[in-house]
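Residues per chain, in single letters:
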Amino acid sequence: MIKVGGKSYTSSPPAFSNDTNKLLVCTGNTVSIFSASTGLLINELEGHTALVTSVVVVPPTSPANKILAYCWTASLDGTIRYWDFSAPELMKTINIRVPIHSMVVPGLLRKPADHGEQPSHLFAYLCTEEVKKQGHRNASAFWQIRKCNLTQSRFLDKFTLAETLKPQIITISPFGNYIGICEKHKLRIWEIPARDANHVAFKKMRLHHTKTFTTLAFHPTERIVAAGDGTGRILVWRGVGEKTFSGGDNNLVNGASHGDAEEKPGVRQDDDADSCTTWHWHSAEVNVLLFSADGAYLFSGGKEGVLVLWQLDTGKRKFLPRIGSPLLYFTNSLDPSLSSVSCADNLIHLLKMPSMVISRSISGIKPPSSVLQFNEGSCSGVAFNHSDGLAAICTENYRIQFYSLFDDREISEVQVCERNHQPGEEITVIVNLVALSPDGYSMGTVETRLPEEGIGGLVSLKFWECSSQSKEFSLSTVVYEPHRDAGVSDVAFHPTRQMAVSSSYGADFKVWKCGYGVSGKDQKPQSNGWTCHAAGSYKKKPMTAATFSMDGSVLAVAAENVITLWDPDRNFLVAVIGESIEPIRKLSFVGKSDYLVSASQGSNPELFLWSMSNLSVLWSYKLHAEAVSCATDGSSFAVLAHLPTSSKSTECLYRSTHGVDGVILLFPVDKAIPISTWFVQKAQGGSLAFIDASSRLEDGNAGRKSVEVLTYINGAHEYVLLDPFGESAPIRCTSQPESLVDFGETAGRYGYTSIYGKLPEFNIERERSASIATAASERSWEMILDGPSHNLPPFTTLCSAFLESLLERRTATVE
């Protein structure tokens, strides 16, 4: 394993360092430290073995201490860790042995004592997972608000503030006086004692609402609490806890007041508050609420992708619109001119305040589109630039993201549709396919405009050209309805020339060529756009996949359950091979070798390896292949397959590895036994590719031959770079590799044998009898049924081949 990447930057709120030069971001099992000025990765805190859920930076006790760089982190692995993130160095580990969903440390925000007293112990308040009736089938999980003494490294397991059915984000006031959670239709608020101890009584209260709460915020100086609900409303309570927290009965739960309801407008169920004001601008649930440092303004955000600034006294608003993705978190720094907003598309914007101008962005890999499954077949939302190590990913905001797999960062974005993306609106347009030429200078995209009430609908094929100087893509050609009203199933580029093929479910494929002219001034060749060079079909069958051979001399197009081989220049049908039970969805030539891999999907999926020299099948497996990729040297190919759900051994494997549902098999072209296997998670929607790593070789290995690494991107767009043979030289990456969660690796055939059983011996030199029909037979029809019945193809196949042998072949016309 070389590198793991594609982590989420927005699973938890980030935190600024005291000097505001760094941003600490929870990324999977690590905490990534980014530069606030450049947005580049500086370092990582590695040590947790599960998702990091909280990071708390220790604030300075004086202006001179801003250079100190310490933080606490909590994780689902059940540990709390203390770090010096300037080194970085792990200073302390506390193992409480239960998963931690959220953590706050009120003592860090308290002002230092003025009477020279010894500081009290430091306590953390946690939301931890517990399980009732362990060992029973009806065991149910629930969550508790617990307490941990960080100074003594002691978890107070008998001290519980609350129990909830769902994990809760604990919200803390700016100076650590209060903490609170949202629980359905009520807010639960606790006052943290000034002298906290292992066992101390808490004053607590509740605020009620008719809708479900989603977030809350505390005012920095006054007893004002704001909360958002699932309908987009914001409620602002003033004078909260005047009776509960200012005296009276310490055991009072609801802080009930016996004043008249008219004296407390908007307050429900005798809640302890003077008034409650409701603001409503957001159209969907409110995810973000935070008061400004001076308390004069309130920030809010939600699914619309708009950051709203409310003036607390007047209710007037100011907006930062068109962020393009739902907002998740808003974070202030000690510098009032710098803040950050985290978005659902794995993007963090750094804002210049108070103008709310985006100064820089930190972008991770975009999450998979929730609507990409609309398109059937072999279409993919991921394509690869094999020479530069880039992945092109379709995003929900009508863009293509180019992501560096070696550096784990975004390189650029291409806007495919000229329209604003409004999160949560009805889906009308889908960018459902992207394809790249082998040199990375041409790109094809397919977008589908969905019909409205059964009327309309449009499929557009777009060709893009990349500038050799700016490395930016510009639109070259738009083809509306390239295959009439049928959807596009696949797009593939010629390996050496400006040629591409598109196949469709409308029973045809088209070959496209890019024409060039000479510009008047500098006499440089200039693209004149892409035009249709030829079209073809086969027996009116849907064309489900297409690919070119390595030298570009053969075009293979899957006509539902058979493979048609064409001369792409003359548009001449050369041969027809195979007949699978299910439609073929994947086609790939094995590099420069004489082999072709095909994969069919359906209730009876199969994987075939074909020999192009004699047009026969070498071997086949009953595998549900999600993706196929071939090495450019033709020595091997990799298959991402789903584990069979009916196998008892697979069931045990799935449970023991917590979510493993797929396997990557690396086959040599001369053997039917895989030489390496890797068990993986989230195989549904996954992608495979061999990437050239020659440019990443360290200086001492620069003279070595071409080195390829195998890239696996799972359905959640997390990825891993693998050394398929374990012989490549050290490769430069921006961070050290770490193990992917529940990602097992085995060498040889043992992992495969443990799933499917021992394979029979296979001799590639033995005489093969084709069990699947190829092109029309040239034997006399009288001898066509001569042979054992169990070796004969089905009668439907024989009939088709027999009738075809009696017909004269007609040369196809070129459009």
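Asks: So what exactly am I meant to see when it comes to the overall build of the protein chain here?
Replies: If you tally the helices and strands in the protein chain, you get 3 helices and 58 strands. Out of the 815 residues in the protein chain, the part that is buried amounts to 53%. Sequence separation of 24 or more characterises 51% of the internal contacts of the protein chain that already satisfy a separation of 6 or more. Accessible area of the protein chain: about 37700 Å², with a carbon and sulfur share of 50%.

Asks: Can you help me understand the side chain of Arg81 in this one?
Replies: Relative to the elements of secondary structure, Arg81 occurs in strand β8 (residues 79-84). A distance of 3.3 Å separates the side chain of Arg81 from the backbone oxygen of Gly47, its partner in a polar contact. Polar side-chain contacts of Arg81 include one of 3.3 Å to the side chain of His48. Leaving out residues up to four positions away in the same chain, Arg81 has contacts with Gly47, His48, Cys71, Trp72, Thr73, Leu90, Lys92 and Thr93.

Asks: Explanation requested: the pattern of salt bridges in the structure shown.
Replies: Pairs can form between side chains of opposite charge once their charged atoms are near each other. One pass over the structure, following the stated rule, counts 14 salt bridges. One salt bridge in this structure joins Arg188 and Glu183, with 3.0 Å as the shortest N-O distance. In this structure Glu183 comes out as buried when scored by relative accessible area, which is 14%. Among the ionic contacts, a cluster of salt bridges with common partners joins Asp345, Lys366, Arg399 and Glu413.

Asks: How should the environment of Phe725 be read in this particular structure?
Replies: With respect to the helices and strands, the residue Phe725 is situated in the loop between β57 (719-722) and β58 (744-747). Once the C-alpha coordinates of Phe725 and Leu710 are considered, the two residues, 15 residues apart in sequence, prove to be 9.7 Å apart. Those residues in contact with Phe725 that sit more than four places away from it in its chain are Ser635, Ser636, Leu666 and Ile675.

Asks: Just checking my understanding: could you explain unusual backbone geometry for this structure?
Replies: Geometrically, the link from Ala87 to Pro88 is a cis peptide bond, its omega value of -10° lying close to zero. On the secondary structure map, Pro88 appears in the loop between β8 and β9 (89-95). Cis geometry is found at the peptide bond from Met353 to Pro354, where omega equals 5°. In this structure, Ser153 takes a positive phi of about 55° despite not being glycine. Assignment of secondary structure puts Ser153 in the loop between β12 (140-149) and β13 (154-164). For Ser153, a relative accessible area of 36% puts it in the partly exposed group. If you check the backbone angles, Lys539 has positive phi at about 55° while not being a glycine.

Asks: Sorry if this is basic, but what is going on with the sheet that holds strand β6 (residues 52-57) here?
Replies: Pairing between the strands of a sheet is mediated by backbone hydrogen bonds and can be parallel or antiparallel. With antiparallel pairing, 4 strands are arranged side by side in an open sheet as β6-β7-β8-β9. Each edge of the sheet is formed by a strand with only one pairing partner; in this case those strands are β6 and β9. Averaged over all pairs of adjacent strands, the angle between strand axes in this sheet comes to 20°, irrespective of strand direction. Here β8 pairs with β9 via 6 bridges, running antiparallel. What sits directly across from Tyr82, in β9, is Lys92.

What counts, and where the lines are drawn
Residues numbered from 1 in each chain as written. Predicted model: local features only at pLDDT ≥ 70, side-chain atom pairs only at ≥ 80, totals over all residues. Heavy atoms only, no water. Helix = DSSP H or I, 4+ residues; strand = E, 2+ residues; numbered from the N terminus. Buried < 20%, exposed > 50% of the residue type's maximum accessible area, 1.4 Å probe, protein only. Contact = heavy atoms within 4.5 Å. Areas by Shrake-Rupley, 256 points an atom, 1.4 Å probe, with all protein chains shown as cover. Polar contact = N/O pair within 3.5 Å; in protein donor to acceptor, adjacent residues only side chain to side chain. Salt bridge = Lys/Arg side-chain N within 4 Å of Asp/Glu carboxyl O. Pairing = 2+ DSSP bridges. Axes fitted to C-alpha atoms, helices over the stretch in contact; angles between N-to-C directions.

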